Amino acid sequence: MNSFSFGTVASLISAPGAVQQLNNICRQLKIQRPFIVTDPGIEKSGLVAQAMYPLSQAGVNCECFTQVIADPPENIILQAVEMAKACAADGIIGLGGGSSLDTAKLVALLANSDERLVDIYGVDNVQGQRLPLIMIPTTAGTGSEVTAVAIVTTGNTTKAGVVSPVLFADVALLDAELTLGLPPATTAMTGIDAMVHAIEAYTSRLKKNPYSDMLALHALKLLSANLLTAFSDGTDIEARQQMLLGACLAGQAFANAPVAAVHALAYPLGGHFHLPHGLSNSLVLPEVLKFNATSAASLYADLADLIVPSKRGEGLDAQAKTARLIDYFIQLIDELALPHRLSKVGIKQSDLPMLAKDAMLQQRLLVNNPRELSEHDALTIYQNSF
Ligand SMILES: NC(=O)c1ccc[n+]([C@@H]2O[C@H](COP(=O)([O-])OP(=O)(O)OC[C@H]3O[C@@H](n4cnc5c(N)ncnc54)[C@H](O)[C@@H]3O)[C@@H](O)[C@H]2O)c1
Ligand SMILES: [Fe+2]
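Here is a short report on the structure shown in this document. (Residues numbered from 1 in each chain as written. Chains lettered and ligands numbered in written order. Predicted model: local features only at pLDDT ≥ 70, side-chain atom pairs only at ≥ 80, totals over all residues. Heavy atoms only, no water.)

### Comments concerning the overall build of the chain
To be explicit about the condition: Strands are runs of DSSP state E lasting at least 2 residues, helices are runs of H or I lasting at least 4, and numbering of each runs from the N terminus. In this treatment the radius of gyration is a C-alpha quantity, and the globule benchmark scales as 2.2 Å times the residue count to the 0.38 power. Burial classes: relative accessible area under 20% of the type maximum marks a residue as buried, over 50% as exposed, and values in between as partly exposed (1.4 Å probe, protein chains only). Only the protein chains shown count as cover for residues, and all accessible areas are computed by the Shrake-Rupley method using a 1.4 Å probe.
Of regular secondary structure, the chain possesses 15 helices and nine strands. Rg of the C-alpha trace for the chain: 20 Å, near the compact-globule value of 21 Å for 386 residues, within the 12% margin. A principal-axis box enclosing the C-alpha atoms of the chain has dimensions of 65 × 45 × 40 Å. Taking all 386 residues of the chain together, the buried fraction comes to 58%. Total accessible area on the chain stands at roughly 15600 Å², and carbon and sulfur atoms take up 52% of it.

### Side note on the sheet that holds strand E5 (residues 122-123)
For clarity, the threshold we go by: Only strands that DSSP links by at least two bridges are regarded as paired with each other.
Strand order in this open sheet of three strands is E5-E8-E7, and the pairing throughout is mixed. Strand pairing shows two members of the sheet lacking a second neighbour, E5 and strand E7 (149-153), which therefore form its edges. Both E5 and strand E8 (residues 159-163) contribute to a ladder of two bridges, which runs parallel. Across the sheet, residue Gly-122 finds its bridge partner in E8, namely Val-162.

### Some remarks on the coordination of the iron ion (ligand 2)
Heads up, the rule is: In this listing, donors mean N, O and S atoms no farther than 2.8 Å from the metal, or 3.2 Å for Na, K and Ca; water is missing from the atoms, so a site can look incomplete. Just to be clear on the cut-offs, tetrahedral is four donors with all angles between 85 and 135 degrees, square planar is four donors and octahedral six with opposite donors over 155 degrees apart and all others between 65 and 115, and anything else goes down as irregular.
Donor atoms from the polypeptide that bind the iron ion (ligand 2) are Asp-193 (OD), His-197 (NE2), His-263 (NE2) and His-277 (NE2), placed at 2.1 to 2.2 Å. Coordination at the iron ion (ligand 2) comes from four donor atoms whose angles at the metal span 85 to 164°, giving a geometry best classed as irregular. Mapping the donors of the iron ion (ligand 2) onto the primary sequence yields the spacing D-x3-H-x65-H-x13-H. One end of the pair, Asp-193, is in helix H7 (residues 184-202); the other, His-277, is in helix H11 (residues 277-307), and 84 residues separate them in sequence. What makes Asp-193 buried here is its relative accessible area of 2%.

### Looking at the nonpolar core
For clarity, the threshold we go by: The definition of a nonpolar core used throughout is a set of buried Ala, Val, Leu, Ile, Met, Phe, Trp, Tyr and Cys residues joined through side-chain atoms within 4.5 Å. Two residues form a contact once any of their heavy atoms are found within 4.5 Å.
Ile-92, Leu-265, Leu-269, Phe-329, Leu-373 and Tyr-382 are the most contacted members of the largest nonpolar core, which totals 116 residues. Looking at which element gives the most residues to this core, the answer is H11, with 12 residues. Look past the residues within four positions of Tyr-382 in its chain and what remains in contact with it is Leu-265, Pro-268, Leu-269, Val-284, Leu-342, Leu-352, Leu-355, Ala-356 and Ala-359. Counting 22 residues, the second-largest nonpolar core is a separate cluster that includes Val-48, Ile-134, Val-171 and Leu-173.

### A closer look at the packing of H7 against H11
Stated precisely, the cut-off is as follows: Only the stretch in contact is used when fitting a helix axis, every axis being a line fitted to C-alpha atoms; angles between N-to-C directions are given from 0 to 180 degrees. Should an angle lie under 35 degrees it is considered roughly parallel, over 145 roughly antiparallel, and from 65 to 115 roughly perpendicular; all remaining angles are considered oblique. For any helix crossing, the convention is left-handed if the near helix is rotated counterclockwise from the far helix by under a right angle, and right-handed if that rotation is clockwise.
Two elements in contact, H7 and H11, have axes separated by 10 Å at closest approach and are oriented at 30°. The pairing of H7 with H11 is recorded here as roughly parallel in orientation. For the pair H7 and H11, the sense of crossing is left-handed. Each of Met-189, Ile-192, Asp-193, Val-196, His-197, Ile-199 and Tyr-202 in H7 lies in contact with H11, whose residues at this interface are His-277, Gly-278, Leu-279, Asn-281, Ser-282, Leu-285, Leu-289, Leu-299, Tyr-300, Asp-302 and Leu-303.

### So, the site of ligand 1
To keep things clear, this is the line we draw: Nearness of a residue to a molecule or strand requires only that one of the residue's heavy atoms be within 4 Å of it. Distance and chemistry together define a polar contact, namely a pair of N or O atoms within 3.5 Å, with one atom able to donate a hydrogen and the other to accept it when in protein, and with adjacent residues in sequence counting only for side-chain atoms on both sides. Ten residues, namely Ala, Val, Leu, Ile, Met, Phe, Trp, Tyr, Cys and Pro, are considered nonpolar, four, namely Asp, Glu, Lys and Arg, are considered charged, and the remaining ones, Gly among them, are considered polar.
Taken together, 29 residues lie near ligand 1, and Gly-98, Ser-99, Asp-102, Thr-138 and Thr-147 sit nearest. Backbone polar atom of Gly-98 to an oxygen atom of ligand 1: 2.8 Å apart, as the coordinates give it. Within the side chain of Thr-138, one N or O atom sits 2.7 Å away from a nitrogen atom of ligand 1. Looking at the shell around ligand 1, the elements with two or more residues in it are helix H2 (40-44), helix H5 (98-110), E7 and H7. Partitioning the shell around ligand 1 into residue classes produces 10 nonpolar, 14 polar and five charged.

### Notes on the environment of Cys-64
On the secondary structure map, Cys-64 appears in strand E3 (residues 63-65). For Cys-64, a relative accessible area of 18% gives the class buried. Sequence separation between Cys-64 and Glu-43 is 21 residues, and the spatial gap between their C-alpha atoms is 9.8 Å. Every residue in contact with Cys-64, bar those within four places of it in the chain, is listed here: Phe-35, Ile-36, Thr-38, Val-48 and Met-83.

### Here's the deal with the sheet that holds strand E4 (residues 91-96)
Across the sheet, six strands lie side by side as E1-E9-E6-E4-E2-E3; this open sheet has parallel pairing. Looking at strand neighbours, the two that pair on one side only are strand E1 (11-14) and E3, the edges of this open sheet. Between one strand axis and the next, the sheet turns through 20° on average, direction left out of account. Examined bridge by bridge, E1 and strand E9 (residues 171-174) share four bridges and lie parallel to one another. Counterpart to Ile-13 in the pairing with E9 is Leu-173. Set on the sheet, helix H4 (residues 74-86) makes contact with strand E2 (34-37), E3 and E4; between it and E3 the angle comes to about 170°. Of the strands in this sheet, E1, strand E6 (133-137) and E9 touch helix H9 (residues 237-256), which is tilted by about 150° from E9.

Structure representation (structure tokens):
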């Protein structure tokens, strides 16, 4: 008997052009003074103006914090909170990739509650209520628009998460028109991140459940069918919308069946070498799959059946299907022109023991891995990925 619980956002809209509904959504949520949280790249690409247009047309004045930086540090979040309070914002709109969305979640909470950020890291430490919250992703990757997590950079190389159902937004809005200008390299990296969410949710050891399985499988199907198209022709609106939906479904899956060793080994790469989150995942993905194969082959075989199906009469066993799945990802990473090896992204062999030691700090994630993983195993995976 698989007992489980499942949570997600209250409402979801998936349609090209859906951002035009923003004023109606604000009205439904009784937001009169919306506050957009985003980063300078999004502003420069014209997406803030695109999101604000329906509001200004309706005569709604919208303030905007545009200073989010990738892997947002505490001081940026606190600055955004101060500005939202100064504007008396009564609703928060996160617009951007995972960094902007995570910042927006915390602004929605901390602009409305007297809690301190340092007191709410960890699971279920949030006491207060947040302002109405709308999430508009502009990357098809993190799935942050439908997760109850906000990740903050707390020191030079360390990250901490605030995990609370209060952070589930009121509305997630998936509009592919906002992702048409996402550069190919970012499309590739964030797309791999989303695929890893689906894989790790499907093999998550403790909280995997029928809902997360269903979501992970459908996510992987959409993502594998559309990533190369979105990468090679960023203007393909159909592929872009399917990628957004795939990333969102994967987000709903891993919000309930958490990610594991790929993410645990990726985080130190981001922390120490400031590699983008999706690239860090992609660098360790093949070797983590190989490591897990002895424990997770039957689950990996399900994924292989979905995205690299065997031909009739081939009679492959689970191990052979797993090998085919791993080959698929090695080839995909190549076709997406992403670096394959740690040695190609400025990491030295002598850095590997420190990375392995740091990966072991991610016990929150490692407990979900289908195979137990020691520091020695982590080092071997990094060495094999070097
Ligand atoms: N909350 C969660 O559940 C969760 C899960 C995984 C990762 N994360 C966090 O998400 C962050 C990574 O997010 P990300 O990978 O989406 O990247 P990001 O938000 O850091 O954005 C990366 C870059 O892409 C640019 N960009 C985004 N959309 C664009 C568009 N449509 N057109 C042009 N440029 C665009 C941004 O300006 C930025 O420079 C990390 O902080 C990570 O820790 C959160
Ligand atoms: Fe991720």
